[in-house]
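# Analysis of the macromolecular model
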Amino acid sequence: MSSDLSPPATPHGGAESGAVLDGNAAAGDFAGILASDPTTVTVRCGSCGATQAFGQLSAYLGGPGTVLRCRRCEAMVARVARTPRGTWLDLSGSSSWLFLPTPGPA
């Protein structure tokens, strides 16, 4: 997977054809890989440095994978794709992901 910092194409149709949704729509795809709830994560864009909650990112579903883009500069922040060979995770468009600690047993 190469880094794609170009603005997204604007497809016609609904979510299945790549309409922009918020990051919450991509949470399921990322939760299986991250082994935690991604909606609690704060992501920093590697291109413009904007810090956003996962749910604030722009999500593109229904293509060959799920793509998350920065709402500020539209750069690709992360993507995940499931193929017969395995699951590909690309975080190259982000500079950091902050996972908050989970409460331990009382």
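The coordinates are above.
Structural notes, computed from the coordinates. Just so we're clear, the structure is a prediction, and the values are computed from it rather than from any experiment. (Residues numbered from 1 in each chain as written. Predicted model: local features only at pLDDT ≥ 70, side-chain atom pairs only at ≥ 80, totals over all residues. Heavy atoms only, no water.)

With that settled, the discussion passes to unusual backbone geometry. At glutamate 74, a residue that is not glycine, the phi angle is positive and equals roughly 70°. Structurally, glutamate 74 is set in the loop between β5 (66-69) and β6 (76-83). (Helix = DSSP H or I, 4+ residues; strand = E, 2+ residues; numbered from the N terminus.)

Below, the discussion takes up the pairing of β5. A two-sided burial pattern is seen for β5, the buried positions comprising Thr66 and Leu68 on one face and Val67 and Arg69 on the other. Note that β5 and β6 share four bridges and pair antiparallel. Directly across from valine 67, in β6, lies its bridge partner arginine 79. Connecting β5 to the next strand, β6, in antiparallel fashion are six residues, including glutamate 74 with a positive phi near 70°. (Buried < 20%, exposed > 50% of the residue type's maximum accessible area, 1.4 Å probe, protein only. Pairing = 2+ DSSP bridges.)

Turning to the nonpolar core, a few remarks are in order. Looking at soluble globular proteins, one finds that nonpolar side chains tend to be buried together. In terms of nonpolar packing, the biggest core is built from 18 residues, with Ala26, Phe30, Phe54, Leu68 and Trp97 touching the most fellow members. Put simply, the parts of the chain that give this core at least two residues each are α1 (27-34), β2 (42-45) and β6. Of all the elements, β6 adds the most residues to this core, at three residues. What leucine 68 contacts, discounting residues up to four positions off in sequence, is Gly23, Ala26, Phe30, Phe54, Leu57, Ser58, Ala59, Ala75, Met76, Val77 and Ala78. (Core = buried A, V, L, I, M, F, W, Y, C linked by side-chain atoms within 4.5 Å. Contact = heavy atoms within 4.5 Å.)

Before going further, it helps to examine the environment of valine 67. Examined against the element boundaries, valine 67 turns out to sit in strand β5. Expressed as a C-alpha distance, the spacing of valine 67 and aspartate 90, which sit 23 residues apart in the sequence, is 9.4 Å. In this view, valine 67 contacts Ser58, Ala59, Tyr60, Met76, Ala78 and Arg79; residues no more than four positions away in its chain are not counted.

A few words now on the pattern of salt bridges. The tally for this structure, following the rule as stated, stands at one salt bridge. Close ionic contact of aspartate 90 with arginine 79 constitutes a salt bridge, the shortest N to O distance being 3.0 Å. Of this pair, aspartate 90 sits in strand β7 (residues 86-90) while arginine 79 sits in strand β6, and the two are 11 residues apart along the sequence. (Salt bridge = Lys/Arg side-chain N within 4 Å of Asp/Glu carboxyl O.)

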